Amino acid sequence: MSKQLFEEEVGKILRNADLLVERGWLVLVAIYPEFALAVKHRKTGRIRVFRFIFDDWNDLPPKLSFLDGETLLELPGAMWPTNALSHWHQSGWQPANGASTGQPFMCMAGIREYHTHQSHISDSWENYKKQSGFDLGGIVSRVTEVFQKSDV
Amino acid sequence: MSEHDQHEHKIEVKIVTTAGNFPETGFKEFSRQEKLETVLKEAAEHLKLHNTENWIARLGDRQLNPALSLEANQIPDKSKISWAPSEPGGGELCTRK
């Protein structure tokens, strides 16, 4: 069911050439459960590769990380975007047990690291998953639009 | 008003979303005086989108104002308008110690 839903929602993106051009999205991987795309920052021209992992979609929201466009290794936190609205954290993700980690993360509803962060456990994904704009395409849109407003 | 004059007051646009486009192919003609919010509402109905009050319409880098007409938004003919959910702010609690 998770794979079927993933493929349906990813298919809507892949078949929509206007969407890909208007948003500046270059899809690199679209094989369940991975959806990776390169996005050009409109102001700086910098390109970042976003990797979403949609395992157990949509019982769970996707995990998010950034990849190096050449090596496809995960980008260190210092290479993550920043902004004044606290979406991006270059380190310090904390699981439910409060353990301190150096893991970078995006703090936004719809991203698994947000809903499993010690500070947001009470804000369940169940509150969002049926809302408009929290389907696969909606989450990817939200993340990339926040990226466009960042200081990458 | 002649057919030519009527055409001069029309504009063709397409609304582009991750759920699909309105219209699905080509463009749809609207009066230049039509408010953008009317066009977006029609797109939402067609694409079965709900709770789109906080979505943002954009033409390239420029954010559009749904309360204004297509003309006042300076939308050229045959524009593809990107429409997507907005994200107001991040989580301050993430950094609380």
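Criteria and cut-off values
- Residues numbered from 1 in each chain as written.
- Chains lettered and ligands numbered in written order.
- Predicted model: local features only at pLDDT ≥ 70, side-chain atom pairs only at ≥ 80, totals over all residues.
- Heavy atoms only, no water.
- pLDDT = per-residue confidence, 0-100.
- Helix = DSSP H or I, 4+ residues; strand = E, 2+ residues; numbered from the N terminus.
- Salt bridge = Lys/Arg side-chain N within 4 Å of Asp/Glu carboxyl O.
- Buried < 20%, exposed > 50% of the residue type's maximum accessible area, 1.4 Å probe, protein only.
- Pairing = 2+ DSSP bridges.
- Axes fitted to C-alpha atoms, helices over the stretch in contact; angles between N-to-C directions.
- Contact = heavy atoms within 4.5 Å.

## Here's the deal with the confidence of the model for chain B
Residue and element names in this part refer to chain B. Predicted confidence across chain B gives a mean pLDDT of 88, with 81% of residues reaching 70 or more. When mean pLDDT is taken per element in chain B, strand 3 (residues 28-31) scores highest with 98 and helix 1 (residues 3-8) scores lowest with 61. Confidence metrics for the complex model read pTM 0.90 and ipTM 0.86.

## Let's talk about the pattern of salt bridges
Residue and element names in this part refer to chain B. Summed over the entire model, instances satisfying the criterion amount to 12 salt bridges over all chains. The shortest N-O distance in the salt bridge between E12 and K78 comes to 2.3 Å. Of this pair, E12 sits in strand 1 (residues 10-17) while K78 sits in the loop between strand 5 (62-63) and strand 6 (79-84), and the two are 66 residues apart along the sequence. Using a relative accessible area of 22% as the deciding quantity, one classes E12 as partly exposed. Using a relative accessible area of 47% as the deciding quantity, one classes K78 as partly exposed.

## A closer look at the sheet that holds strand 3 (residues 47-53) of chain A
All names here are of chain A. Within the open sheet, the 4 strands sit side by side as 1-2-3-4. Their pairing is antiparallel. Looking at which strands have only one partner, the edges of the open sheet turn out to be strand 1 (25-31) and strand 4 (63-67). The sheet shows a mean angle of 20 degrees between the axes of neighbouring strands, direction not considered. Relative to strand 4, strand 3 is paired through 5 bridges, and the arrangement is antiparallel. Bridging across to strand 4, V49 finds its partner in L67. Along the sheet face, helix 4 (residues 136-148) touches strand 1, strand 2 (34-40), strand 3 and strand 4 and points at about 30 degrees away from the line of strand 2.

## Some thoughts on the pairing of strand 2 of chain A
Residue and element names in this part refer to chain A. Counting buried residues in strand 2 gives 5 out of 7 residues, a clear majority hidden from the surface. Looking at chain direction, strand 1 and strand 2 are connected through 6 bridges and run antiparallel. Each residue of the ladder has a partner; that of W25, found in strand 2, is V39. Between strand 1 and the antiparallel strand that follows it, strand 2, lie 2 residues. Pairing of strand 2 with strand 3, which is carried by 7 bridges, proceeds in the antiparallel orientation. Across the sheet, residue V39 finds its bridge partner in strand 3, namely R48. Hairpin connection from strand 2 to strand 3: 6 residues lie between these consecutive antiparallel strands, with G45 at a positive phi of about 80 degrees.

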